[in-house]
Amino acid sequence: MVRSSLRALVSGPLAPQLRRFVAVGIVAATVQMLLLWLFVDVATLNYLLGALVAIEVTIVLSYVLNNAWTFRCAQKTGVGEYLYGLLKTNVVRGSAIPIQLALLYGLVEWSALTHLPANAVAILVSGVYRYVLDARWTWRGA
């Protein structure tokens, strides 16, 4: 599945959508990394708490961008529909939070990585999971 998704990034009917999803993911990951740095290194929060707050902020940002651009063919436009889509993406991405936080914790505690590079790895790993569920459930196979 991962190999076919990577191949679809280059060619195939889902290639433009997958590239847009990756672009939105890069923006969201950059914001998340900046927020994590601010929360942990500037505000001195625990790295797991800082990551949790940063993740939730970027969940909302990702939904707004993905709804407007990545999945525009299935775009949620009405207020109720938009909020329901936001709820669905929170379920999808919220279910990825334990994956991302567990990876972050494991990499920080049991390897030589600090919280920022460890979080980058955790974002990449959980990104595949989020794409599959968002594409198939939040925007229903869009």
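Cut-offs and rules
- Residues numbered from 1 in each chain as written.
- Predicted model: local features only at pLDDT ≥ 70, side-chain atom pairs only at ≥ 80, totals over all residues.
- Heavy atoms only, no water.
- Helix = DSSP H or I, 4+ residues; strand = E, 2+ residues; numbered from the N terminus.
- Rg over C-alpha atoms; globule rule 2.2 N^0.38 Å.
- Buried < 20%, exposed > 50% of the residue type's maximum accessible area, 1.4 Å probe, protein only.
- Contact = heavy atoms within 4.5 Å.
- Areas by Shrake-Rupley, 256 points an atom, 1.4 Å probe, with all protein chains shown as cover.
- Lys, Arg positive; Asp, Glu negative; His and termini not counted.
- Charge placed at Lys NZ, Arg CZ, Asp CG, Glu CD.
- Polar contact = N/O pair within 3.5 Å; in protein donor to acceptor, adjacent residues only side chain to side chain.
- Axes fitted to C-alpha atoms, helices over the stretch in contact; angles between N-to-C directions.
- Parallel < 35°, antiparallel > 145°, perpendicular 65-115°, else oblique.
- Left-handed = near helix turned anticlockwise from the far one by under 90°.
- Nonpolar A, V, L, I, M, F, W, Y, C, P; charged D, E, K, R; others polar.
- Phe/Tyr/Trp six-rings, centres within 6.5 Å; stacked < 30°, edge-to-face > 60°.

Brief notes about the overall build of the protein chain
- Each helix and strand counted, the protein chain has five helices and zero strands in total.
- Reading the protein chain from its N end, one meets helices and strands in the order α-α-α-α-α.
- Rg of the C-alpha trace for the protein chain: 15 Å, near the compact-globule value of 14 Å for 142 residues, within the 12% margin.
- With the C-alpha coordinates aligned to their principal axes, the bounding extent of the protein chain is approximately 40 × 35 × 20 Å.
- Relative to its full complement of 142 residues, the protein chain shows a buried share of 39%.
- For the protein chain, contacts bridging at least 24 residues in sequence account for 67% of all contacts bridging at least 6.
- Within the structure as shown, the protein chain displays about 7,700 Å² of accessible surface, and the carbon and sulfur contribution to it stands at 72%.
- On the protein chain, the mean spot of the 11 positive side-chain charges and the mean spot of the 5 negative ones are 17 Å from each other.

A look at helix α3 (residues 47-70)
- Among all positions of α3, only Y47, G50, A51, A54, I55, T58, I59, S62, Y63, N66, N67 and T70 are buried.
- Its buried side turned inward, α3 meets α2 (15-42), α4 (79-110) and α5 (115-138).
- Where α3 begins, one side-chain oxygen reaches toward the backbone nitrogen of L48, 2.7 Å away; that side chain belongs to N46.

What to know about the packing of α4 against α5
- Between α4 and α5, the shortest axis-to-axis distance is 8 Å and the interhelical angle comes to 150°. Classified by the interaxial angle, the pair formed by α4 and α5 is roughly antiparallel. Seen from above, α4 lies across α5 with right-handed handedness.
- The residue inventory of the contact of α4 with α5, partitioned by class, reads 16 nonpolar, eight polar and four charged.

Describing unusual backbone geometry
- For T44, which is not glycine, the phi dihedral falls at a positive 55°.
- Relative to the helices and strands, T44 resides in the loop between α2 and α3.
- With a relative accessible area of 64%, T44 lands in the exposed category.

Quick notes on the packing of aromatic side chains
- Overall, the coordinates contain two aromatic pairs when judged by the stated rule.
- Residues Y63 and Y82 carry aromatic rings whose centres are separated by 5.0 Å and whose planes lie at 65° to one another, so their mutual orientation is edge-to-face. Taken together, the positions of Y63 in helix α3 and Y82 in helix α4 put the pair 19 residues apart, joining distant regions of the chain.
- On the basis of relative accessible area, Y63 is assigned to the buried category, the value being 0%.
- Measuring from centroid to centroid gives 5.5 Å for Y105 and W110, while their planes differ by 85°, and the two rings are edge-to-face.
- In this structure W110 comes out as exposed when scored by relative accessible area, which is 69%.

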